[in-house]
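# A look at the structure
Here are the chains, one letter per residue:
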Amino acid sequence: MRWGFIGASSIAERVIGSMRKIPGQEFGAVCSGSAARAQEFAAAQQLQSAHTDLAEFLQAGRFDAVYVSSTNEQHCAQTIAALDAGCHVMCEKPLAMAHADAVRMVRHAAAKGRVLGTNHHLRAQAAHGLIRDFIVSGELGEVHGVQVSHAVHLPPHLQGWRLDKPGAGGGVVLDILVHNADLLRYLLQREPQRIHTVTQRNGMGGRDKAALAVEDGAMSVIEFEGGVLAQTHESFVADASALTRLHVLGTRGNLYALGSLTQAGTSQLWLRDAKGEREIPVPPVDLYEVGFTAFVNACAGRGQPLATGADGTRSMAVALAGLASAASGRVETIDLSV
Ligand code: NDP
C-alpha cells in the first residue's frame, strides 16, 4: 500500500518505524502546517515529497491510505478530505472533538467504501488479548470491576498543545481517558453507559495554576452494561518511575497487569485465584506493527481494523461525557450512537 502522512508529529515517526516491518508498504509524502517541518520530516523519514497544501498533497500522492496524526481539532476535516480522495484512513485518537464530527467521519467512510481505523494501540498489547481470553472463558467467574491506573509523566517534548491548547483537544481526558475507555470496551465486550469524572489541575511544567487551560489529572467511575464498574485514573504529572496498572476482578479470580498501558508493548501479568498466584508469560510485541498490519489486511478485505471508526467514536464519546461530568459535577450518560 502506498501511504501518505498528514501531520509531522512525534507519533508518526514512531509509527513509520513500526510500519517499515510490514511487507509491501510504500511511504510517499507528508503534509504539515509548516513547510520547514514538512521538509525536515520528509528528509528524516526518507519520504518522496513534503507538502503544506492538503488538496495538492492528496491529489499528487496517489495514496492507497493516509495516516492522520495531526492535532485533534484537524482530524475530522483531514479525514473527510482523504476519504474524498479515495484513501483508506487510519486516524489518531480522539477521532474528532465533537461526537457529530466522528459520526460524520464513520458515515463518510462507509459511503465511500473505504476503511476508517482508529489508532487505539492498546488493543494490540498481548497482555490485553490474554485478559480478554480469560474473561471470555469464564475462568474469572463474573467480572464485576476493573481498575485502570494510567498515570504517566508527560515527557517534555510533548508538553505543548496537550497542556495549553484546549482548542486542539489538549488535556488528559481527551488524551488518555479515550484509550482507557477503548481498552475497557475491548476487554469487557460491553458498552459503557454512564460516567462520573473529577478532574484536577496540577500546574504541570511550572505554569501558573490559574492560567492552566486544561486538566492534567482525572479520575472516573464508568458503569458498563450489566452493572460492571470500572475506575480509571489518568495523569500527566506522575513521577516518571510510576508503573501503569490494570486490575480485573472476577467472582472466582482476578488478573493484574503491570506496565501494559504504554507504547512499549511489554508487560507482566499475574492470575490470582483459589489456587494461588501465578505469572502468565506475555510475549513482547510492537503495538503499532500489530495495529497497522490489521489495518492493511482490512484494506485488502481481510477482517477489520483492531479499532474501527465506530470504536473510535464510542471511546471518544466516553471522554466527552467525562468532560461534561467534570463540568456539571454529575453522572453523565454516554451517547453511543454512531
Ligand atoms: P506532536 O506534538 O508531536 O505533533 C502534533 C502536531 O504538532 C504535528 O502534526 C505538527 O503539526 C505539530 N508539531 C510537531 N512538532 C512541532 C514543533 N516542534 N513545533 C511546533 N509544532 C510542532 O503530537 P503527538 O505526535 O504526540 O500527537 C499527534 C496525534 O497523535 C494526537 O492526535 C494524539 O492524540 C495522537 N497520539 C496517539 C498515540 C497512540 O499511541 N495512539 C500516541 C501519541 C499521540 P504539523 O503537522 O502541522 O507540522
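The rules behind each value
Residues numbered from 1 in each chain as written. Predicted model: local features only at pLDDT ≥ 70, side-chain atom pairs only at ≥ 80, totals over all residues. Heavy atoms only, no water. Buried < 20%, exposed > 50% of the residue type's maximum accessible area, 1.4 Å probe, protein only. Helix = DSSP H or I, 4+ residues; strand = E, 2+ residues; numbered from the N terminus. Pairing = 2+ DSSP bridges. Right-handed = clockwise from strand over helix to strand, strands pointing away. Polar contact = N/O pair within 3.5 Å; in protein donor to acceptor, adjacent residues only side chain to side chain. Contact = heavy atoms within 4.5 Å. Axes fitted to C-alpha atoms, helices over the stretch in contact; angles between N-to-C directions. Domains from an automatic or database assignment. Salt bridge = Lys/Arg side-chain N within 4 Å of Asp/Glu carboxyl O. Near = heavy atom within 4 Å. Areas by Shrake-Rupley, 256 points an atom, 1.4 Å probe, with all protein chains shown as cover. Phe/Tyr/Trp six-rings, centres within 6.5 Å; stacked < 30°, edge-to-face > 60°. Core = buried A, V, L, I, M, F, W, Y, C linked by side-chain atoms within 4.5 Å. 1 Å grid on protein atoms, 1.4 Å probe; cavity = no way out; pocket = protein on both sides within 12 Å on 5 of 7 lines; lining within 4 Å. Points joined across faces, edges and corners; volume = space filled by probe spheres on them.

Most of strand E1 (residues 2-6) is tucked away: five of the five residues are buried. Neither face of E1 is left uncovered, since the one carrying Arg2, Gly4 and Ile6 and the one carrying Trp3 and Phe5 both have all their residues buried. Bridging between E1 and strand E2 (residues 26-31) involves five bridges; their strand directions are parallel. By the bridge assignment for E2, Ile6 is matched with Cys31. Between the parallel elements E1 and E2, the chain passes through helix H1 (residues 10-19) in a crossover that is right-handed. Across four bridges, the pairing between E1 and strand E4 (residues 65-68) is parallel. Paired with Ile6 across the bridge in E4 is Val68.

Mapped onto the secondary structure, Gln25 falls in the loop between H1 and E2. There is a polar contact of 2.8 Å between the side chain of Gln25 and the side chain of Trp3. When residues no more than four places from it in sequence are discounted, the contact partners of Gln25 are Met1, Trp3, Met19 and Val296.

Before going further, it helps to examine the sheet that holds E1. On the basis of which strands lie adjacent, the open sheet formed by six strands has the order E3-E2-E1-E4-E5-E6 and parallel pairing. In the strand order of this sheet, the two ends are held by strand E3 (49-51) and strand E6 (116-118), each with one partner. Averaged over all adjacent pairs, the angle separating strand axes in this sheet is 20°, with direction ignored. Those strands touched by helix H4 (residues 75-84) are E1, E4, strand E5 (88-91) and E6, and its axis lies near 160° from that of E5. Packed onto the sheet, helix H9 (residues 287-299) meets E1, E4, E5 and E6 and runs at close to 160° relative to E5.

Okay, the domain arrangement of the chain next. Looking at the chain, the domain boundaries give domain 1 (2-121) and domain 2 (124-333). Relative placement of domain 1 and domain 2: their C-alpha centres are 24 Å apart. Counting residues at the interface gives 35 residues for domain 1, matched by 39 residues for domain 2. The interface formed by domain 1 and domain 2 contains two salt bridges. With a shortest N-O distance of 3.0 Å, Lys93 and Asp175 are connected by a salt bridge. For the pair domain 1 and domain 2, the number of links is 11 residue pairs in polar contact (both at pLDDT 80 or more).

Okay, the site of the ligand next. Contacts to the ligand come from 24 residues, most closely from Ser10, Ser32, Arg37, Asn72 and Tyr288. Asn119 has a polar backbone atom sitting 2.9 Å from a nitrogen atom of the ligand. At a separation of 2.8 Å, an oxygen atom of the ligand approaches a polar side-chain atom of Arg162. For the ligand, the protein covers 78% of the area, taking 890 Å² as the surface of the free molecule. Elements with a contribution of two residues or more to the shell around the ligand: H1, helix H7 (161-164) and helix H8 (172-188).

Moving on to the packing of aromatic side chains. If you walk through the whole model with that rule in mind, you get seven aromatic pairs. Aromatic side chains Tyr256 and Trp270 sit 5.1 Å apart centroid to centroid with 20° between the ring planes, which places their arrangement in the stacked category. One end of the pair, Tyr256, is in strand E12 (residues 253-258); the other, Trp270, is in strand E13 (residues 268-273), with 14 residues separating them in the sequence. Overall, Trp270 belongs to the buried group, its relative accessible area being 13%.

Moving on to the nonpolar core. Nonpolar side chains in soluble globular proteins tend to be buried together. Val66, Ile131, Val146, Ile222, Leu246 and Val248 are the most contacted members of the largest nonpolar core, which has 70 residues in total. Here the element with the most residues in this core is H8; it accounts for 12 residues. Taken domain by domain, this core gets at least three of its residues from each of domain 1 (2-121) and domain 2 (124-333). Filtering out sequence-adjacent residues up to four positions away, Ile131 remains in contact with Leu187, Leu246, Val248, Leu255, Ala257 and Leu269. Of all hydrophobic cores here, the second largest spans 24 residues; its members include Val15, Phe27, Val30 and Val115.

What follows covers the layout of surface pockets. The space that makes up the largest pocket amounts to roughly 1,300 Å³. As for the largest pocket, its lining consists of 49 residues, and the residues nearest its centre are Ser10, Ile11, Leu158, Arg162 and Gln263. Elements with a contribution of two residues or more to the lining of the largest pocket: H1, H4, strand E7 (143-151), H7 and H8. Three or more residues apiece are contributed to the lining of the largest pocket by two domains, here domain 1 (2-121) and domain 2 (124-333). Estimates place the volume of the second largest pocket at around 170 Å³. If you go around the second largest pocket, you meet 13 residues; those closest to its centre are Arg114, Val115, Leu116, Gln304 and Gly309. At the level of elements, helix H5 (99-112) and helix H10 (309-328) are the ones that each hand at least two residues to the lining of the second largest pocket. In terms of residues, the lining of the second largest pocket owes the most to one element, H5, which gives three residues. Each of domain 1 (2-121) and domain 2 (124-333) gives at least three residues to the lining of the second largest pocket.

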